[in-house]
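Residue-level structure breakdown
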Amino acid sequence: MSGAVVQRAYRYRFYPTEGQVAELSRTFGCVRLVYNRALEARTTAWRQERRRVGYGDTSALLTAWKRTQDLAFLNEVSSVPLQQCLRHQQKAFTNFHGKRAAYPRFKSRKKSRASAEYTRSGFRWRDGVLTLAKMDRPLAIVWSRPLPEGAEPSTVTVSRDPAGRWHVSILVGTTIDPLTPTRAEVGVDAGLTCLLTLSTGEKITNPRHERRERTALARAQRDLARKVKGSNNRDKARTRVARVHARIADRRRDLLHKLTTRLVRENQTIVIEDLAVRNMVKNRNLARAIGDASWSEFRSMLTYKAGWYGRAVIAVDRWYPSSKTCSHCGHLLDALPLGVREWACPGCGEVHDRDVNAARNILAAGRAVAACGDGVRPNRRQ
């Protein structure tokens with residue numbers, strides 16, 4: 001069976017020259033400026049005239065800004081990233097009007113992601129060498145993995161993270177062949193003590209990446225707090241804090257990629273709970289641990305990988321009492337405190353591990369959903 005062609009992004013580190021750093025930093029600043037001015041124009045037009053401003057209107061505004069004396073410097077950078085940021089803003093407003101996202105926010109120089117997106121007219125790609133517009137030298141990319149053979153990039157996104165690392169994301173069309181069908185199925189119960197518990201009885205320990213780096217993070221944050229605001233030393237201390245956060249995020253992402261890839265390869269159907277993570281992190285006692293577990297990112301990775309390789313992901317209702325129901329006879333307990341990790345069923349006497357029992361019930365509920373098509377909640381922003 002032939003595979004489908006999908007748009008897949010490949011992310012790499014690169015090391016810019018001083019001239020490229022200056023050019024890209026200037027581009028990031030111009031992108032942020034254009035985005036904020038366009039957002040201000042849209043907001044003002046709606047508040048004062050109840051008039052919606054679209055992408056075409058903001059594009060015309062950009063042309064007018066370039067002709068003014070104060071904003072003539074916008075002509076010094078490539079026009080492609082400036083147009084792309086307006087397209088992204090249009091998409092953000094489309095999602096807002098469709099009640100899929102909040103109202104777009106202004107970009108901050110220190111807090112927002114520094115990035116610029118180049119379409120095909122904004123870069124040159126020849127024999128694996130990438131050169132961006134307004135640059136006379138190609139990017140020094142560290143090719144940690146090869147691009148698909150014969151792939152032609154359609155979009156290139158350059159970014160600098162808070163830790164000072166430079167990345168380039170190359171979007172290419174590639175054919176992904178579906179995996180060989182299998183009859184294996186698995187239910188997955190997400191937790192904090194164990195990151196994942198499978199219906200097979202396997203428990204995957206939560207490495208608690210943030211907790212492991214908590215001492216180094218606290219030290220770096222104390223050092224940052226002592227620095228004078230606006231000083232170079234404060235900028236250096238802020239970078240050190242960002243490096244600790246980046247190390248945590250890299251380790252967390254690496255683990256989730258390995259787990260989701262393994263689950264997709266081994267199982268035809270994966271059943272999970274439709275957790276309301278955005279509501280759960282409002283619990284101050286558990287917010288830090290829930291954020292470190294990254295349940296939303298786990299679900300996102302699992303979903304798109306399953307789509308690539310011909311697998312199915314089923315999400316059962318979050319209110320399904322998977323922990324309190326006996327997976328052997330179906331008896332439902334009135335209550336089961338969080339501190340109880342094992343319990344004996346009053347109906348059949350079966351002794352259950354709380355998490356394994358929940359995972360088995362989740363799998364059973366997923367099978368019922370697949371059979372009758374009822375009880376699945378649609379994917380939503382978490």
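Per chain, residue numbering runs from 1 following the sequence as it is written. pLDDT decides what is reported in this predicted model: residues at 70 or higher carry local features, side-chain atom pairs at 80 or more are listed and counted, and totals for whole chains, interfaces and linings draw on all residues regardless. Excluded from the side-chain calculations are hydrogens and water; all other atoms, namely the structure's heavy atoms, are used.

**Overview of the UniProt feature "domain: Cas12f1-like TNB" (unreviewed entry) in the chain**
The cut-off we apply is this: UniProt positions are given in the numbering used here, feature names are shortened, and annotations may be inferred rather than shown by experiment. Secondary structure follows DSSP: runs of H or I at least 4 residues long count as helices, runs of E at least 2 residues long count as strands, and numbering of each begins at the N terminus.
Here the UniProt feature "domain: Cas12f1-like TNB" (unreviewed entry) sits at residues 295–362. Along residues 295–362 the backbone is 35% helical and 16% strand, and the end-to-end C-alpha distance reaches 16 Å.

**A look at the packing of aromatic side chains**
Two descriptors summarise a pair of aromatic rings, namely the distance from one centre to the other and the angle between the planes of the rings. Inclusion rule: When two rings of Phe, Tyr or Trp (its six-membered ring) have centres within 6.5 Å they constitute a pair, described as stacked for plane angles under 30 degrees, edge-to-face for angles over 60, and tilted for the intermediate range. Exposure categories follow from relative accessible area, calculated using a 1.4 Å probe and restricted to protein chains: below 20% of the type maximum is buried, above 50% is exposed, and the middle band is partly exposed. When the NZ atom of lysine or the CZ atom of arginine is within 6 Å of a ring's centre and also within 35 degrees of its normal, the charge is said to sit over that ring.
Within this structure, the stated rule accounts for eight aromatic pairs. With centroids separated by 4.8 Å and ring planes inclined at 65 degrees, the aromatic side chains of Y12 and W143 adopt a geometry described as edge-to-face. Of this pair, Y12 sits in strand β1 (residues 4–14) while W143 sits in the loop between β5 (141–142) and β6 (155–160), placing them 131 residues apart in sequence. By relative accessible area, Y12 is classed as buried at 1%. Through pairs of rings, three or more aromatic residues link up here, namely Y12, W125 and W143. A cation over a ring is seen here: K107 above Y35, with NZ or CZ 4.5 Å from the ring centre.

**Regarding the pairing of strand β11 (residues 269–273)**
The two faces of the sheet receive side chains in turn, since in a regular strand these alternate between them. Rules: Pairs of strands are assigned from DSSP output, requiring at least two bridges between the strands.
Of all five residues in β11, five are buried, a share of seventy percent or more. The alternating pattern of β11 places T269, V271 and E273 and I270 and I272 on opposite faces, both of which are buried. Bridge analysis of strand β8 (residues 185–190) against β11 gives three bridges, and the strand direction is parallel. Paired with G187 across the strands is V271, a residue of β11. Examined bridge by bridge, β11 and strand β12 (residues 312–316) share five bridges and lie parallel to one another. Within β12, the position partnered with I270 by the bridge is V313.

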